[in-house]
Amino acid sequence: MSDLDDILQDVMEWGQYHAAVYRTLVERGALEPTDVSTWSDVPQGRVYDILDDLYREGAVKKQSINPTVYVAQHPEKIIDRKEEEFVEKATEAKQQLFQTYEVNLPCFAAE
């Protein structure tokens, strides 16, 4: 596993195999699942599920069908989307916590 895989796991909320498969496609370009398995060290039996997960998430796309060849979406596109989701969730959390804090502020001041 690489340091980049660790970062991808954190930022994208992926498991080890998802990060390794995506990184491999970014580094190697378009690949068939068997080649993804070879280059990423993800077991052949798992690579198909991982590629399907990443495809549904929009992190990879199918370049061709017979044989199926996968290619990574541009990293900026997927990371920006995750960043936007985070900002939305963080803003919502801050707003809700702020309201609760303001309501309870008199209680805190009395302590």
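Look up a bit, the structure's there.
This report concerns the structure included in the present document. (Residues numbered from 1 in each chain as written. Predicted model: local features only at pLDDT ≥ 70, side-chain atom pairs only at ≥ 80, totals over all residues. Heavy atoms only, no water.)

### So, the pairing of strand β2 (residues 69–72)
Part 1 of the argument: Alternating positions in β2 separate into two faces, Val69 and Val71 on one and Tyr70 and Ala72 on the other, with burial throughout.
Part 2 of the argument: Two elements, strand β1 (residues 60–64) and β2, share 4 bridges in a ladder whose sense is antiparallel. Following the sheet pairing, Lys62 is matched in β2 by Tyr70.
Part 3 of the argument: Where β1 folds back onto β2 in an antiparallel hairpin, the turn is made up of 4 residues. (Buried < 20%, exposed > 50% of the residue type's maximum accessible area, 1.4 Å probe, protein only. Helix = DSSP H or I, 4+ residues; strand = E, 2+ residues; numbered from the N terminus. Pairing = 2+ DSSP bridges.)

### Observations regarding the nonpolar core
Part 1 of the argument: Counting 20 residues, the largest nonpolar core has Trp14, Val21, Tyr22, Leu25 and Leu54 as its most contacted members.
Part 2 of the argument: For this core, the elements supplying multiple residues, two or more each, are α1 (3–12), α2 (16–28), α4 (44–57) and β2.
Part 3 of the argument: Among the elements that line this core, the one with the most residues is α2, at 5 residues.
Part 4 of the argument: Residues contacting Tyr22, with those up to four places away along its chain left out, are Leu8, Trp14, Leu54, Ala59, Val60, Ala72, Gln73, His74, Pro75 and Ile78. (Core = buried A, V, L, I, M, F, W, Y, C linked by side-chain atoms within 4.5 Å. Contact = heavy atoms within 4.5 Å.)

### Side note on the pattern of salt bridges
Part 1 of the argument: Within the structure shown, the criterion is met by 6 salt bridges.
Part 2 of the argument: With a closest N to O distance of 3.4 Å, Glu13 and Lys82 form a salt bridge. Remark: Lys82 occurs in helix α5 (residues 75–110) and Glu13 occurs in the loop between α1 and α2; sequence separation between them is 69 residues.
Part 3 of the argument: Residue classification places Glu13 among the exposed residues on the basis of a relative accessible area of 60%. (Salt bridge = Lys/Arg side-chain N within 4 Å of Asp/Glu carboxyl O.)

### Quick look at the packing of aromatic side chains
Part 1 of the argument: Counting across every chain of the model gives 1 aromatic pair.
Part 2 of the argument: In this structure, Arg28 packs its charged tip against the face of Trp39, placed 3.3 Å from the ring centre. (Phe/Tyr/Trp six-rings, centres within 6.5 Å; stacked < 30°, edge-to-face > 60°. Lys NZ or Arg CZ within 6 Å of the ring centre and 35° of its normal.)

### Topic: the side chain of Lys82
Part 1 of the argument: Residue classification places Lys82 among the buried residues on the basis of a relative accessible area of 16%.
Part 2 of the argument: Setting aside residues up to four positions removed in sequence, Lys82 forms contacts with Val11, Met12 and Glu13.

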